[in-house]
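Chains, contacts and geometry: an overview
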Amino acid sequence: MKLIEGGVCAAKGFRANGVHCGIRHNRTKRDLALIVSDVPAAAASVYTTNLVKGAPLTVTREHISDGVAQAVICNSGNANTCNANGIEIAEGMSVLVEKTTGIRARDVVVASTGVIGQPLSLEPIENGMPELAAGLSEKGSEAAAEAIMTTDTVKKEVAVEFTLGGRLCRMGGIAKGSGMIHPNMATMLVFITTDAAISAEMLQKALSSDVQKTFNMTSVDGDTSTNDMVTILANGLAGNTPVVAEGEDFTTFMLALNTLTVQLCRLIAGDGEGATKLLECTAVGAETEEAAKISCKSVICSSLLKAAMFGADANWGRVLCAIGYSGAQVDVSKIGVSFKSSAGSVEVCRNGAGIPFSEEEAKKVLTEKEIEIALTLGDGPYSATAWGCDLTYDYVKINGDYRT
């Protein structure tokens, strides 16, 4: 299992591209992405639990109900949510893919991201499709990753290489996500491709299981998006014996998927709107997995704790406070807290009470770009990890004029 280059095009038989078609006013920013497989692929998705859902999610759910897809089209700059003709537009995007690539509209995953409630026209998408399709390339992951960005400041793409049944397999993904991130299934938009052969049923099982420990444990601002979706396509071109049941190969596939998604979670959290620091909260020693997950996610969601991390203030009481109101069943008298970074480690709380520590040393630790908040909850067997970011002045600035 190793990280490789190539992003969403690392797997055999996948090509991608991204162009500016005119949805976004800034002509220097790409706003339309396309990912295609040379052959039909097994497909699985998870979607936002927000009752207000973007029209593309409804269309995608219907399109992959047979477990098959061959392309992904995504626009940025407009969420196509709360629009009277949203379904028509999303279906129209699928038809445009069919016209320019020959891939059945029925086999297209559709996604949109951007402003909610703003009408979306098919005209710019139609005008951009010839260039988009003509430029599809095995080196197109970066262009596609750029085209799905909104307030993101960095492109997010990861790929891994692994072996199934003696065959070399690859898996790659791109993601967008910076604000409105507090998922309850997955996060913003993530597109994953693999050349491994695996049934649609096992693919869905793998994805649904993985997001519980990865994307569901990521939060930037406490807002669950209307357009959250994670989709994975597996075209089988690696030639391994298809994974159709649990066993050694399925375990390996799950490990590859988790390796990829953890890296994407870190990229998303670290690029939170206005953020200057990636926060990773680890909890060990919990009596139940649920207690571990609830505790560490509550910590990275605490606005007070996030603000303290921005100021490099070792205010560990905010950590215990967040655990205390989280609902997690823990013994407060056993809680320990340490702050860690590349600058060192400082223990600030033991057995639910403060201990002497150097504020100067703590400041040094918390000034780094990546901070680990390490929790010990007792001597239980369970652990969990959550990812977030600090809360800065710029978060308010960005969202104060998001539309204008």
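Scroll up for the structure.
Reading the values: the criteria
Residues numbered from 1 in each chain as written. Predicted model: local features only at pLDDT ≥ 70, side-chain atom pairs only at ≥ 80, totals over all residues. Heavy atoms only, no water. Helix = DSSP H or I, 4+ residues; strand = E, 2+ residues; numbered from the N terminus. Rg over C-alpha atoms; globule rule 2.2 N^0.38 Å. Buried < 20%, exposed > 50% of the residue type's maximum accessible area, 1.4 Å probe, protein only. Contact = heavy atoms within 4.5 Å. Lys, Arg positive; Asp, Glu negative; His and termini not counted. Charge placed at Lys NZ, Arg CZ, Asp CG, Glu CD. Axes fitted to C-alpha atoms, helices over the stretch in contact; angles between N-to-C directions. Parallel < 35°, antiparallel > 145°, perpendicular 65-115°, else oblique. Left-handed = near helix turned anticlockwise from the far one by under 90°. Nonpolar A, V, L, I, M, F, W, Y, C, P; charged D, E, K, R; others polar. Pairing = 2+ DSSP bridges. Polar contact = N/O pair within 3.5 Å; in protein donor to acceptor, adjacent residues only side chain to side chain. Salt bridge = Lys/Arg side-chain N within 4 Å of Asp/Glu carboxyl O. Phe/Tyr/Trp six-rings, centres within 6.5 Å; stacked < 30°, edge-to-face > 60°.

**Quick notes on the overall build of the protein chain**
The secondary structure content of the protein chain amounts to 11 helices and 15 strands. Relative to the globule expectation of 22 Å for 404 residues, the C-alpha radius of gyration of the protein chain, 21 Å, shows essentially globular dimensions. By principal-axis analysis of the C-alpha atoms, the protein chain measures approximately 70 × 55 × 35 Å. For the protein chain, with 404 residues in total, the buried portion stands at 56%. A separation of at least 24 residues holds for 81% of the contacts in the protein chain among residues at least 6 apart in sequence. Each charge class in the protein chain can be summarised by its mean position, and for the 34 positive and 46 negative side chains these summaries are 2 Å apart.

**So, the side chain of threonine 214**
Relative to the helices and strands, threonine 214 is located in the loop between helix H5 (200-210) and strand E9 (229-234). Judged by relative accessible area, threonine 214 falls into the buried class, the value being 0%. Once you skip the residues sitting within four places of it in the chain, threonine 214 turns out to touch Asn258, Thr261, Val262, Cys265 and Trp387.

**Topic: the packing of helix H7 (residues 289-301) against helix H9 (residues 317-324)**
At a closest axis distance of 8 Å, the pairing of H7 and H9 adopts a crossing angle of 130°. By the angle between their axes, H7 is oblique relative to H9. Viewed along their axes, H7 and H9 form a crossing whose handedness is right-handed. The residues of H9 that touch H7, namely those facing Ser295, Ser298 and Val299, are Val319, Ala322 and Ile323. Partitioned by chemical class, the residues of the contact of H7 with H9 number 4 nonpolar, 2 polar and no charged.

**A closer look at unusual backbone geometry**
Its identity as a non-glycine residue notwithstanding, asparagine 80 has a phi of 50°, on the positive side. In this structure, asparagine 80 sits in the loop between strand E4 (68-78) and helix H2 (86-101). Even without being a glycine, asparagine 351 presents a positive backbone phi close to 55°. Within the secondary structure, asparagine 351 sits in the loop between strand E12 (344-350) and strand E13 (353-354). The class of asparagine 351 is exposed, set by a relative accessible area of 52%.

**Thoughts on the pairing of strand E6 (residues 156-164)**
Summarising burial for E6: 7 of the 9 residues are buried, a large majority. Pairing analysis gives 3 bridges linking strand E1 (residues 2-4) to E6, with the strands arranged antiparallel. In the strand pairing of E6, leucine 3 is matched with valine 160. Summarising the sheet, E6 and strand E7 (residues 167-176) pair through 9 bridges and their orientation is antiparallel.

**Digging into the side chain of asparagine 235**
Its place among the elements puts asparagine 235 in the loop between E9 and helix H6 (248-270). For asparagine 235, a relative accessible area of 8% puts it in the buried group. One polar contact links asparagine 235 to serine 37, side chain to side chain, over a distance of 3.4 Å. A distance of 3.1 Å separates a polar side-chain atom of asparagine 235 from the backbone nitrogen of leucine 237. Apart from the residues lying within four places of it in its own chain, the contact partners of asparagine 235 are Lys12, Gly13, Phe14, Ser37, Val39, Pro40, Ala41, Thr194, Asp195 and Ala196.

**Quick word on the environment of glycine 165**
Mapped onto the fold, glycine 165 is located in the loop between E6 and E7. Glycine 165 sits 75 residues away from asparagine 240 along the chain, and the two C-alpha atoms are 6.0 Å apart.

**Quick notes on the sheet that holds strand E14 (residues 370-376)**
Strand order across the open sheet formed by 6 strands is E13-E12-E11-E14-E10-E15, with mixed pairing between neighbours. Among the strands making up the open sheet, the edge pair consists of E13 and strand E15 (382-389). Pairing between strand E10 (residues 278-286) and E14: 7 bridges, direction parallel. The residue of E14 that forms the bridge with glutamate 280 is glutamate 372. In the packing of H6 onto the sheet, contacts are made with E10, E14 and E15, and the angle to E15 comes to roughly 40°.

**Comments concerning the pattern of salt bridges**
Pairing between side chains of opposite charge can happen when the charged atoms of each approach one another. By the definition in use, this model includes 17 salt bridges. Across the pair lysine 156 and aspartate 152 runs a salt bridge, and its minimum N-O distance is 2.7 Å. Given a relative accessible area of 0%, lysine 156 falls into the buried group. The buried category is assigned to aspartate 152, whose relative accessible area is 7%. Counted as one network, the salt bridges with shared partners bring together Asp152, Lys156, Lys176 and Asp271.

**A word on the packing of aromatic side chains**
This structure, assessed with the given rule, holds 2 aromatic pairs. Seen in terms of ring centroids, phenylalanine 162 and phenylalanine 253 are 6.3 Å apart; in terms of plane orientation they differ by 75°. Their pairing is edge-to-face. Highlighted residues: phenylalanine 162 in strand E6 and phenylalanine 253 in helix H6, separated in sequence by 91 residues. Residue classification places phenylalanine 162 among the buried positions, given a relative accessible area of 3%. Taking relative accessible area as the criterion, phenylalanine 253 reaches 0% and is therefore assigned buried. Taking 5.3 Å as the distance between ring centres and 90° as the angle between the ring planes, the aromatic pair formed by phenylalanine 310 and tyrosine 393 counts as edge-to-face. Of this pair, phenylalanine 310 sits in helix H8 (residues 303-310) while tyrosine 393 sits in helix H11 (residues 393-400), placing them 83 residues apart in sequence.

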